[in-house]
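Working through the structure, step by step
Next come the chains, spelled out residue by residue.
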Amino acid sequence: MHQINVGEDLRERNREIAAENHEMLRRHGVFSLNIMSAPGAGKTSLLVKSIPLLKDKYRIGVIEGDLQTTRDAERVGALGIEVHQIQTGGVCHLDAAMVHSALHQLDLDLLDILLIENVGNLVCPAEFDLGVDARVMLLSITEGDDKPKKYPLMFTESRLLILNKVDLIEMVDFDIARARREAMDINPRIEIIELSCRSGAGIEEWTGWIEKLYSESGVE
Ligand SMILES: Nc1nc2c(ncn2[C@@H]2O[C@H](COP(=O)(O)OP(=O)(O)OP(=O)(O)O)[C@@H](O)[C@H]2O)c(=O)[nH]1
Ligand SMILES: [Mg+2]
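Residues numbered from 1 in each chain as written. Chains lettered and ligands numbered in written order. Predicted model: local features only at pLDDT ≥ 70, side-chain atom pairs only at ≥ 80, totals over all residues. Heavy atoms only, no water.

Brief notes about the layout of surface pockets
- The computed volume of the largest pocket comes to approximately 360 Å³.
- Around the largest pocket, the lining comprises 23 residues; the ones closest to its centre are Gly40, Ala41, Gly42, Lys43 and Ser45.
- Every element with two or more residues in the lining of the largest pocket is listed here: helix H2 (43-54), strand E2 (60-66) and helix H3 (71-77).
- Looking at the lining of the largest pocket, the element that brings in the most residues is H2, giving 3 residues.
- Per-class residue counts for the lining of the largest pocket are 6 nonpolar, 9 polar and 8 charged. (1 Å grid on protein atoms, 1.4 Å probe; cavity = no way out; pocket = protein on both sides within 12 Å on 5 of 7 lines; lining within 4 Å. Points joined across faces, edges and corners; volume = space filled by probe spheres on them. Helix = DSSP H or I, 4+ residues; strand = E, 2+ residues; numbered from the N terminus. Nonpolar A, V, L, I, M, F, W, Y, C, P; charged D, E, K, R; others polar.)

Regarding the pairing of E2
- Within E2, 7 of the 7 residues are buried, which leaves the element mostly enclosed by the surrounding structure.
- Side chains Ile60, Val62, Glu64 and Asp66 of E2 all project onto a buried face; the interleaved residues Gly61, Ile63 and Gly65 project onto the opposite face, where all are buried too.
- As paired strands, E2 and strand E4 (residues 113-117) are joined by 5 bridges and run parallel to one another. From the neighbouring strand, Val62 faces E4, where its bridge partner is Leu115. (Buried < 20%, exposed > 50% of the residue type's maximum accessible area, 1.4 Å probe, protein only. Pairing = 2+ DSSP bridges.)

So, unusual backbone geometry
- One non-glycine residue, Thr69, adopts positive backbone phi at about 70°.
- If you trace the backbone, Thr69 turns up in the loop between E2 and H3.

Some remarks on the site of ligand 1
- Near ligand 1 lie 19 residues; those nearest to it are Lys43, Thr44, Ser45, Asp167 and Cys197.
- Contact between ligand 1 and Gly42: an oxygen atom at 2.9 Å from a main-chain N or O atom of the residue.
- Contact between ligand 1 and Cys197: an oxygen atom at 2.8 Å from a main-chain N or O atom of the residue.
- Protein chains bury 73% of the 660 Å² of accessible surface belonging to ligand 1 in isolation.
- Mapped by element, the contributors of at least two residues to the shell around ligand 1 are H2 and H3.
- Counting residues per element, the shell around ligand 1 draws most heavily on H2, which supplies 3 residues.
- Each residue belonging to the shell around ligand 1 can be placed in one class, and the counts come to 4 nonpolar, 8 polar and 7 charged. (Near = heavy atom within 4 Å. Polar contact = N/O pair within 3.5 Å; in protein donor to acceptor, adjacent residues only side chain to side chain. Areas by Shrake-Rupley, 256 points an atom, 1.4 Å probe, with all protein chains shown as cover.)

A few points about the environment of Arg71
- Following the sequence through the fold, Arg71 ends up in helix H3.
- When the C-alpha positions of Arg71 and Gln85 are compared, they lie 9.7 Å apart, and in sequence the two are 14 residues distant.

Brief notes about the sheet that holds strand E1 (residues 31-36)
- What the 7 strands build is an open sheet, ordered E3-E2-E4-E1-E5-E6-E7; its pairing is parallel. For this open sheet the edge positions go to strand E3 (82-87) and strand E7 (191-194), each flanked by a neighbour on one side alone. Shown here is a sheet whose adjacent strand axes are inclined to one another by a mean of 20°, direction ignored.
- Pairing geometry for E1 and E4, over 5 bridges, is parallel. Opposite Ser32, over in E4, you have Leu114 as the bridge partner.
- Here helix H4 (residues 96-105) sits on the sheet and contacts E2, E3 and E4; the angle it forms with E3, its principal contact strand, is near 145°.
- On the sheet, helix H8 (residues 203-217) packs against E1, E4, strand E5 (134-140), strand E6 (160-164) and E7 and is oriented at approximately 140° with respect to E1. (Axes fitted to C-alpha atoms, helices over the stretch in contact; angles between N-to-C directions. Contact = heavy atoms within 4.5 Å.)

Re the coordination of the magnesium ion (ligand 2)
- Within the protein, the atoms that donate to the magnesium ion (ligand 2) are Thr44 (OG1), Asp72 (OD) and Glu117 (OE), at distances of 2.0 to 2.1 Å.
- The class of Thr44 is buried, set by a relative accessible area of 4%. (Donors = N, O, S within 2.8 Å, 3.2 Å for Na, K, Ca; no water.)

Quick notes on the environment of Cys92
- Position of Cys92 relative to the elements: it lies in the loop between E3 and H4.
- For Cys92, a relative accessible area of 24% gives the class partly exposed.
- Taking C-alpha positions, Cys92 is 9.8 Å from Leu122, a pair spaced 30 residues apart along the chain.
- Apart from the residues lying within four places of it in its own chain, the contact partners of Cys92 are Leu67, Val119, Asn121, Cys124 and Pro125.

These results come straight from atomic positions and should not be treated as a statement about function.
Put into C-alpha cells, the structure is as follows:
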C-alpha cells in the first residue's frame, strides 16, 4: 500500500521554496533574518528599539507576520521604513511560500537588510525554513528558565538566542545561567545576548551582531 506522508511532502515543498527565496534575496544583495519567539517575548519591541540605530547605515525592510491585525506593522512602519504585512489568518507560523509572495511585493533592490518578524509561537515557526541567512529567537525571562529543554527545536534552529526583559530579573525566578546551559546543551554553537528593550541594555550588542553577520555574509 502506498502511503503519502503529508507533513513530509509539505516540508519538502517548503524547503524548495525557501531555497528559491534565499537565491532571490542573494541576487538582490539582501541579508535577511527570521526573528521568532513565543507571543509577547518582545520581537516588535526589539525592532522598534534597534532599527533607528541601523537605518542610517543600511536600507532596512521588515516583513511582519501576524495571525490577525496590522498593529505590529503600524508600530514598525512609524519608523519610516518599508514594511510588508502578512496576515496568516489563523496559521501559527510563516512559511516560505508566504514570504515568497511578500518578496515580490517589496522592491528588493532598495534594501540591504530584511528583518522578518514571525508569528508569536515557540513551536511551529521553527519547523519552516524561510530561506533567510540566519534565525534568531527571543526568550523573555518571564517565560521561565526551563523552556530550552521543553521546546528544543527553536533553540536547535537558531543561531542567536536573545534573553529579553532582563530589567525584570529581580521580579521573576529566572536562572540565567541555567537557561544559558540548557540552550547550549541543545545547540552548542548558539550565541546568546542578554537584553532589555525597556532599558536598552544589550541593544548595541544586538545591532553589532547584525552588522558582523551582514559583513561576513558577503552580500553586496
Ligand atoms: N519590562 C519589559 N517589557 C518588555 C520588554 N520588551 C518588550 N516588553 C513588553 O512586552 C510586551 C510585548 O512586547 P512585543 O514587542 O509586542 O512582543 P512580540 O514578541 O512582538 O509579541 P507578538 O508579536 O504578539 O508575538 C509589550 O508590552 C512590551 O512593552 C523588556 O525588555 N522589558
Ligand atoms: Mg510583535
